[in-house]
Amino acid sequence: MRRAVAEAPSNIAIVKYWGKRDELLNLPLNDSLSITLDLMVKTEVVFSHDIYRDEVYINGRRLDEGEVSSYAGRVLNFIRKKVGQESLRASIKSWTEFPESAGLASSAAGMAALVWASNDALGLSMDRREMSKLARIGSGSGCRSIYGGFVLWRRGQRGDGEDSYCEQLFPPSHWDLVDVIGMISEAKKKVPSREGMKRVKSAPTLRARLEFVENTLPQLIGSIEKKIEGLFYELIMKHSNSMHAVIMDSWPPLHYLNDISFSVMETIYEYGKAGYTFDAGPNPHIITREGNVGEVEELLKGLGIEKVRLSRVGEGPRTIEVD
Ligand code: ADP
Ligand code: DP6
């Protein structure tokens, strides 16, 4: 029996991953960029030949076989191949600091924590780049949670995914940004990202979005490097809009934003000292400087959003225990 416990952070994309060129390997259509959050998932993994089938518990809830096989199971299959032990099985127990399925990317943190803990438990000696590729196979956005700070996921070109991995652009201490997350809804989304993303190829505006991402990514990275606040906020808002525009342009019809999300977009744009970004859900992530947090909270309150969660720029995963 080999056991380890690790924790890994969630991340918020500021250049969004939406659309794949390979669904099994989670190879994206475009590069993406994220800020690592300090919202953590803790995972214990036990590997043994005496376990009958892979099992996953999240906050005490046992996942059904289908859920296990399309996320954690993909990571475990890869590990079994790597170590040449086809009968090895895993028991995984995971705890989230934040509500599962509230659009806070619990699967991303979960896959990163699983990969990190498995690397420790089995002594695989993978470096971060290898771990980011493996987390990606579990869930695309998970590859960015292997690093702290500001993280770039290179889409890569190869069919086998060997050049589709992440790297840290800047460490957490680079910029004192805060993510003020408005908790509008903690309900499970009707169409999960994985399903919604499949529809993007039906969107006539997809090509324009891919060009937009390619043309603006260097500028966005430059705005982070030089800490040019106004440009940075403008670009992250445009990138959020760009993803939600192709989502609305997909067929069958799909949208994740609601009336409150749209009011937040107007208010934050007018405020000028923050930028908004939305994942596949209505909850706003307002990125701003530490000194503006109080004002942003007031603005959100004015729109009826009383409950917020704050996150600073977070560190990458860490090992908690290895047996
Ligand atoms: P998302 O994070 O993409 O919004 P969910 O929270 O609904 O999506 O998670 C999608 C799937 O990811 C779950 O059905 C489960 O199989 C897997 N998953 C999520 N969190 C974890 C975790 N902490 N450990 C293992 N698997 C997880
Ligand atoms: C809107 O990483 O959850 O959060 O690779 O199918 O598991 P799979 O999808 P997932 O999609 C994340 C979509 C997003 C944008 C992002 O995080 O870049």
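Here is what the cut-offs are and how they apply
- Every chain is numbered on its own, with residues counted from 1 as its sequence reads.
- For naming, the first written chain is A and the first written ligand is 1, with later ones following in the order written.
- Where local features are concerned, this predicted model is filtered to residues with pLDDT of at least 70; where side-chain atom pairs are given and counted, the filter is 80 or more; whole-chain, interface and lining totals use all residues.
- To get the side-chain values, all heavy atoms of the structure are used, and hydrogens and water are removed first.
- Summary of the distance rule: residues count as near a molecule or strand when at least one heavy atom falls within 4 Å of that molecule or strand.
- For the purposes of these results, a polar contact is taken to be a pair of N or O atoms within 3.5 Å, where, inside protein, one atom must be able to donate a hydrogen and its partner to accept one; residues adjacent in sequence count only when each atom of the pair is a side-chain atom.
- Only DSSP runs of H or I covering at least 4 residues are called helices, and only runs of E covering at least 2 are called strands; the numbering of each starts at the N terminus.
- In this count, Pro and Cys sit with the nonpolar residues alongside Ala, Val, Leu, Ile, Met, Phe, Trp and Tyr, while Asp, Glu, Lys and Arg are called charged and the others, Gly among them, polar.
- The span you would expect from a helix comes to 1.5 Å times its residue count less one.
- Note on classification: 1.4 Å probe, protein chains only; a residue is buried when its accessible area is under 20% of the maximum for its type, exposed when over 50%, partly exposed between these limits.
- Domains are outlined according to an automatic or database domain assignment.
- Contacts are residue-level and defined by heavy atoms, with any inter-residue pair within 4.5 Å sufficient.
- Two parts placed together each lose some accessible area under a 1.4 Å probe, and adding up what both lose gives the buried area.
- In what follows, salt bridge is the name for a side-chain nitrogen of Lys or Arg lying within 4 Å of a carboxyl oxygen of Asp or Glu.
- Residue-level accessible areas treat just the shown protein chains as cover; the underlying method is Shrake-Rupley with a 1.4 Å probe.
- Under this scheme, a helix contributes an axis fitted over its contacting stretch, all axes are lines through C-alpha atoms, and angles between N-to-C directions fall in the 0 to 180 degree range.
- Should the near helix be turned anticlockwise from the far one by less than a right angle, the crossing is termed left-handed; should it be turned clockwise, right-handed.
- Two strands qualify as a pair provided DSSP detects at least 2 bridges between them.
- In this description, a nonpolar core means a group of buried Ala, Val, Leu, Ile, Met, Phe, Trp, Tyr and Cys residues linked to one another through side-chain atoms lying within 4.5 Å.

As for the site of ligand 1
Residues in close proximity to ligand 1 total 15 residues, the closest being Glu 67, Ser 94, Ser 106, Ser 107 and Lys 189. Between ligand 1 and the protein, one listed contact pairs an oxygen atom with a side-chain N or O atom of Glu 67 at 3.0 Å. At 2.8 Å, a side-chain N or O of Ser 94 approaches a nitrogen atom of ligand 1. The element best represented in the shell around ligand 1 is helix α3 (residues 106-121), accounting for four residues. In the shell around ligand 1, the residues fall into seven nonpolar, five polar and three charged.

Examining α3
Counted at 1.5 Å a residue, the expected span for α3 with its 16 residues is 22 Å, and the 22 Å between its end C-alpha atoms agrees. By the criterion of burial, α3 is predominantly enclosed, with 14 of the 16 residues buried. Just downstream of α3, Gly 123 is the residue with a positive phi angle, here 55°.

Quick look at the domain arrangement of the protein
Looking at the protein, the domain boundaries give domain 1 (2-175) and domain 2 (177-312). Relative to domain 2, the C-alpha centre of domain 1 lies at a distance of 23 Å. Taken residue by residue, the interface counts 39 residues in domain 1 and 49 residues in domain 2. Here domain 1 and domain 2 share an interface that buries about 3,800 Å² over both sides, 66% of which is from carbon and sulfur atoms. Three residues, Lys 16, Trp 18 and Trp 175, lead the burial of domain 1 against domain 2; their summed loss comes to 27% of the area buried on that side. Between domain 1 and domain 2 we count two salt bridges in total. With a shortest N-O distance of 3.7 Å, Arg 309 and Glu 97 are connected by a salt bridge. Remark: the boundary between domain 1 and domain 2 carries 13 residue pairs in polar contact (both at pLDDT 80 or more). Counting only elements with at least two residues in the side of domain 1 that touches domain 2, the list comes to β1 (2-15), β2 (20-22), β4 (32-48), β8 (150-153) and β9 (166-170). Here the side of domain 1 that touches domain 2 takes six residues from β4, the largest share from any one element. Per-class residue counts for the side of domain 1 that touches domain 2 are 21 nonpolar, ten polar and eight charged.

Some thoughts on the pattern of salt bridges
Side-chain pairs of opposite charge can arise whenever the charged atoms involved come near each other. Counted under the stated rule, the structure contains 21 salt bridges. With a closest N to O distance of 3.2 Å, Glu 295 and Lys 273 form a salt bridge. Of this pair, Glu 295 sits in helix α9 (residues 293-302) while Lys 273 is found in the loop between α8 (259-271) and β11 (274-277), placing the two residues 22 residues apart along the sequence. For Lys 273, a relative accessible area of 37% gives the class partly exposed. Across the pair Glu 290 and Arg 312 runs a salt bridge whose closest N-O atoms are separated by 2.4 Å.

Quick notes on the site of ligand 2
Residues in contact with ligand 2 amount to 17 residues; listed here are only the nearest, Tyr 17, Lys 20, Ser 139, Gly 140 and Ser 141. Protein contact buries 95% of the 460 Å² of open area that ligand 2 shows by itself. Ranked by residue count, the leading element in the shell around ligand 2 is helix α5 (residues 193-198), at three residues. There are two domains that each give the shell around ligand 2 at least three residues, and those are domain 1 (2-175) and domain 2 (177-312).

Regarding the packing of α8 against α9
Between α8 and α9, whose axes approach to 10 Å, the crossing angle comes to 145°. When the axes of α8 and α9 are compared, the crossing they make is right-handed. Contacts from Val 264, Thr 267, Ile 268 and Tyr 271 of α8 reach α9 at Glu 295, Val 296, Leu 299 and Leu 300. Residue composition of the contact of α8 with α9, grouped by class: six nonpolar, one polar and one charged.

Remarks on the side chain of Glu 44
Structurally, Glu 44 is set in strand β4. The class for Glu 44 is buried, based on a relative accessible area of 16%. Of the polar contacts made by the side chain of Glu 44, one reaches the side chain of Arg 3; its length is 2.8 Å. Sequence-distant contacts of Glu 44, that is, excluding residues within four places in its chain, are made with Arg 3, Ala 4, Val 5, Ser 91, Ile 92, Lys 93 and Trp 95.

Notes on the sheet that holds strand β12 (residues 285-289)
Think of a sheet as strands paired side by side through backbone hydrogen bonds, with each pair either parallel or antiparallel. Across the sheet, four strands lie side by side as β11-β12-β10-β13; this open sheet has antiparallel pairing. Each having just a single partner strand, β11 and β13 (308-312) make up the two edges of the open sheet. Pairs of neighbouring strands in the sheet enclose a mean axial angle of 25°, with direction left out of account. Here helix α7 (residues 229-248) sits on the sheet in contact with β10 (177-182), β11 and β12, set at roughly 15° to β11. Packed onto the sheet, α8 meets β11 and β12 and runs at close to 155° relative to β11.

Comments concerning the nonpolar core
Buried together is how nonpolar side chains tend to be arranged in soluble globular proteins. Core analysis: the biggest nonpolar cluster contains 94 residues, and Trp 18, Ile 35, Phe 47, Leu 177, Phe 232 and Ile 286 have the highest contact counts within it. No other element matches the nine residues that α3 contributes to this core. Two domains each donate at least three residues to this core, and these are domain 1 (2-175) and domain 2 (177-312). When neighbours within four sequence positions are excluded, Ile 286 is seen to be in contact with Val 178, Asp 179, Val 180, Val 264, Ile 268, Ala 274, Gly 275, Tyr 276, Val 296 and Leu 300.

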